[in-house]
Amino acid sequence: MLSVKELRTLASRLSVKDFRREMGPFVLVQRPPGKSTFDTNKMGLPQNVQQTAMARPEAVTAGALGLLFQFDDLMVATVPPLHGVDQLTVGRQPDSDLMLEDPSVSKTHALLRWDGVSNRCTIQDLGSTNGTFLNASIRLRRETTLKNGDILSFGEVQYWFLLTDTLHEKLVSQGRRDHGV
């Protein structure tokens, strides 16, 4: 995972095309992961049993708003390179492409599909306990096409979906503003 501050330096040295080659076609931006407030063993379950905890709606909404107003403090999740038509699994399982160590995330939570020909990304919930939400309000029931700037919620974990070109532009323009250019 890379911080926005680290990426600002990289973006200032690379063209949009080179930045996209390094980062992939899109990025998932999130707040730095914190310690979970969940205790999944309150029901007397053995320590090695990992159940999915119920997500709290207020935490989902607050997390989505935090992504929009705390840009400099955000982190960019690194995902495997995507080429042509490709997909990424999202979940708590260690073999997930985007592994989320949060008890509100199901072991196999969702699937992101990238189609490089149409330059389009879709998301599909895989029957998760807490659901996958779009922009903190729409619970996904079928495969849905993402738009640049959408907020994705997997349980209580939120990501800001940005095309890499948009992130590059935001990093470079903010860097210029910070230096009075």
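Scroll up to find the structure.
Everything numeric in this text was worked out from a predicted model, so none of it was measured. (Residues numbered from 1 in each chain as written. Predicted model: local features only at pLDDT ≥ 70, side-chain atom pairs only at ≥ 80, totals over all residues. Heavy atoms only, no water.)

Draft legend 1. Local environment of the pairing of strand β4 (residues 85-91). Note: β4 against strand β6 (residues 110-115), six bridges, orientation antiparallel. Considered in β6, the bridge of Val 90 is made with Ala 110. Two elements, β4 and strand β5 (residues 98-99), share two bridges in a ladder whose sense is parallel. Within the sheet, the bridge partner assigned to Gly 91 lies in β5 and is Met 99. (Pairing = 2+ DSSP bridges. Helix = DSSP H or I, 4+ residues; strand = E, 2+ residues; numbered from the N terminus.)

Draft legend 2. Spotlight on the environment of Trp 114. Tracing the sequence through the fold places Trp 114 in strand β6. Sequence separation between Trp 114 and Leu 88 is 26 residues; the distance between their C-alpha atoms is 8.4 Å. Excluding residues that lie within four positions of it along the chain, Trp 114 makes contacts with Pro 25, Phe 26, Leu 82, Gly 84, Val 85, Asp 86, Asn 119, Arg 120 and Cys 121. (Contact = heavy atoms within 4.5 Å.)

Draft legend 3. Spatial organisation of the nonpolar core. Residues Leu 28, Leu 112, Leu 152 and Phe 154 are the most contacted members of the largest nonpolar core, which totals 22 residues. Of all elements in the fold, only β2 (26-30), β4, β6, β7 (120-125), β11 (151-154) and β12 (157-163) reach the threshold of two or more residues within this core. Those residues in contact with Leu 112, other than ones at most four positions away along the chain, are Leu 28, Asp 86, Gln 87, Leu 88, Val 90, Cys 121, Thr 122, Ile 123, Leu 146 and Leu 152. Val 4, Leu 7, Ala 11 and Val 76 belong to the second-largest nonpolar core, a separate cluster that totals 16 residues. (Core = buried A, V, L, I, M, F, W, Y, C linked by side-chain atoms within 4.5 Å. Buried < 20%, exposed > 50% of the residue type's maximum accessible area, 1.4 Å probe, protein only.)

Draft legend 4. Seen up close, the environment of Asp 115. Summarising the element assignment, Asp 115 is placed in strand β6. Take Asp 115: its relative accessible area is 24%, and that puts it in the partly exposed class. Note: C-alpha distance between Asp 115 and Pro 25 (90 residues apart in sequence) is 9.8 Å. Discounting residues that sit within four places of it in the chain, Asp 115 has contacts with Gly 84, Val 85 and Arg 120. At 3.0 Å, the side chain of Asp 115 forms a polar contact with the backbone nitrogen of Val 117. (Polar contact = N/O pair within 3.5 Å; in protein donor to acceptor, adjacent residues only side chain to side chain.)

Draft legend 5. Representation of the packing of aromatic side chains in the model. Taken as a whole and assessed by the stated rule, the structure comprises three aromatic pairs. Seen from their ring centres, Phe 26 and Trp 114 are 5.8 Å apart, and the 45° between their planes marks the pair as tilted. Of the two residues, Phe 26 is situated in strand β2 and Trp 114 in strand β6; the sequence distance between them amounts to 88 residues. For the pair shown, Phe 26 and Trp 114 are each scored as buried. Chaining the aromatic ring pairs together yields one cluster made of Phe 26, Trp 114 and Phe 161. (Phe/Tyr/Trp six-rings, centres within 6.5 Å; stacked < 30°, edge-to-face > 60°.)

Draft legend 6. Quick look at the sheet that holds β6. One open sheet accounts for five strands, arranged β5-β4-β6-β7-β10; its pairing is mixed. Here the strands that pair on one side only, and so sit at the sheet edges, are β5 and β10 (144-145).

Draft legend 7. The side chain of Gln 158, seen in detail. Note that Gln 158 resides in strand β12. A polar contact is formed between the side chain of Gln 158 and the backbone oxygen of Glu 156, at a distance of 3.1 Å.

Draft legend 8. Inspection of the pairing of β12 at higher detail. The element β12 is extensively covered by neighbouring structure, given that six of its seven residues are classed as buried. In this sheet, β12 lies alongside β2 in antiparallel orientation, the contact comprising four bridges. By the bridge assignment, Val 29 is partnered in β12 with Trp 160. Sheet topology note: the β11/β12 ladder contains four bridges and is antiparallel. Each residue of the ladder has a partner; that of Leu 152, found in β12, is Tyr 159.

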